[in-house]
Amino acid sequence: MRRLSVVILVLYWCFAPLCGQNTQEIVTSFTQELSTYECLYATYTFSISDGNGGVKYSVDGEFFSQGDSFLVSTDASDIYCDGISKSIYDKFNEEVIIIGHDTSDGNMSENPLIVLSNASSAYNYSKKPKLIDFQGEKCYNITLTPKSEKADHTAVDILITQGDYSVKGICYTSRNGELYRAVIKSISGLDRKPDSFFILDIDSMEDVLVTDLR
């Protein structure tokens with residue numbers, strides 16, 4: 001009996017590293033890390049692809065997130081959200097559309113990176129992630145399936161580095177099969193921003209058409 005126990009223990013030592021971490025441990029690790037940031041800051045390349053992989057749109061951007069507030073900034077547009085409403089500034093057409101904001105809505109159209117904070121509560125996922133090579137790094141590929149039938153996407157794939165659990169990519173699969181992908185260039189924490197940072201200063205803007213749909 002003792003000999004059998006020793007054999008089992010040796011086999012465990014040999015094969016345990018191959019088992020890797022389960023998905024829940026990885027999700028907990030990266031969400032805990034991000035929750036320590038006063039203000040989350042990320043730079044990324046965002047693209048929209050069709051079901052065959054053809055890129056329809058691509059742009060670089062910055063993302064700031066603090067509590068229920070966030071700012072998404074690109075050369076084409078800015079989205080300011082103070083947790084109550086969103087101001088969408090179309091830089092090419094000099095137009096601003098103001099709409100309400102639902103903090104409980106996990107759709108990508110409400111907050112593109114909210115999945116990083118509500119992965120455990122709003123999604124289902126398999127017990128074991130896939131391990132893939134991405135940009136020269138070993139990354140866990142975690143596929144999340146939304147629990148809500150009202151979600152505007154059918155799945156979200158998150159890439160997490162095996163070494164330090166940093167987020168390398170987020171890809172939403174929309175209900176029409178398009179892929180909304182953000183490849184993360186950098187992600188870090190900043191000092192807390194004033195509330196005004198997440199509010200578009202419309203009064204300082206000249207010749208801008210404002211449509212308030214709240």
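This text goes with the structure placed above it.
First things first, this report covers the structure right here in the doc. (Residues numbered from 1 in each chain as written. Predicted model: local features only at pLDDT ≥ 70, side-chain atom pairs only at ≥ 80, totals over all residues. Heavy atoms only, no water.)

### Section: the layout of surface pockets
How we decide: Residues are called lining when one of their atoms sits within 4 Å of a cavity or pocket point, these points coming from a 1 Å grid over the protein atoms alone, where a cavity is a set in which a 1.4 Å probe fits but cannot get out and a pocket is an open set with protein on both sides within 12 Å along at least five of seven lines. Grid points are joined across faces, edges and corners, and a volume is the space filled by probe spheres set on the points. Numbering of helices and strands runs from the N terminus; a helix is a DSSP stretch of H or I covering at least four residues, while a strand is a stretch of E covering at least two. The classification used treats Ala, Val, Leu, Ile, Met, Phe, Trp, Tyr, Cys and Pro as nonpolar, Asp, Glu, Lys and Arg as charged, and all other residues, Gly among them, as polar.
The space that makes up the largest pocket amounts to roughly 620 Å³. Around the largest pocket sit 26 residues that line it, and F46, V72, I79, M108 and P112 are the ones nearest its centre. Those elements giving two or more residues to the lining of the largest pocket turn out to be β1 (39-49), β2 (55-66), β3 (69-74), β4 (77-81), β5 (85-90), β11 (167-174) and β12 (179-190). Taken together, the residues of the lining of the largest pocket sort by class into 19 nonpolar, three polar and four charged. As a volume, the second largest pocket reaches approximately 430 Å³. Every residue lining the second largest pocket is counted, 19 residues in all, and those nearest its centre are S65, Q66, G67, L113 and S117.

### Looking at the pattern of salt bridges
So the rule is basically this: By salt bridge we mean one thing: a side-chain nitrogen of Lys or Arg within 4 Å of a carboxyl oxygen of Asp or Glu. Think of it in three bands: residues with accessible area under 20% of the maximum for their type are buried, residues over 50% are exposed, and the middle band is partly exposed, with areas taken using a 1.4 Å probe on protein chains only.
Throughout the structure, instances matching the rule amount to six salt bridges. In this structure, the salt-bridge partner of K56 is E178, at a minimum N-O distance of 2.3 Å. Here E178 lies in the loop between β11 and β12 and K56 lies in strand β2, a separation of 122 residues in the sequence. For K56, a relative accessible area of 54% translates into the label exposed. Residue classification places E178 among the buried residues on the basis of a relative accessible area of 13%. Residues K138 and D133 are paired through a salt bridge, measuring 3.3 Å at the closest nitrogen-oxygen approach. Here K138 falls in the partly exposed class, since its relative accessible area comes to 42%.

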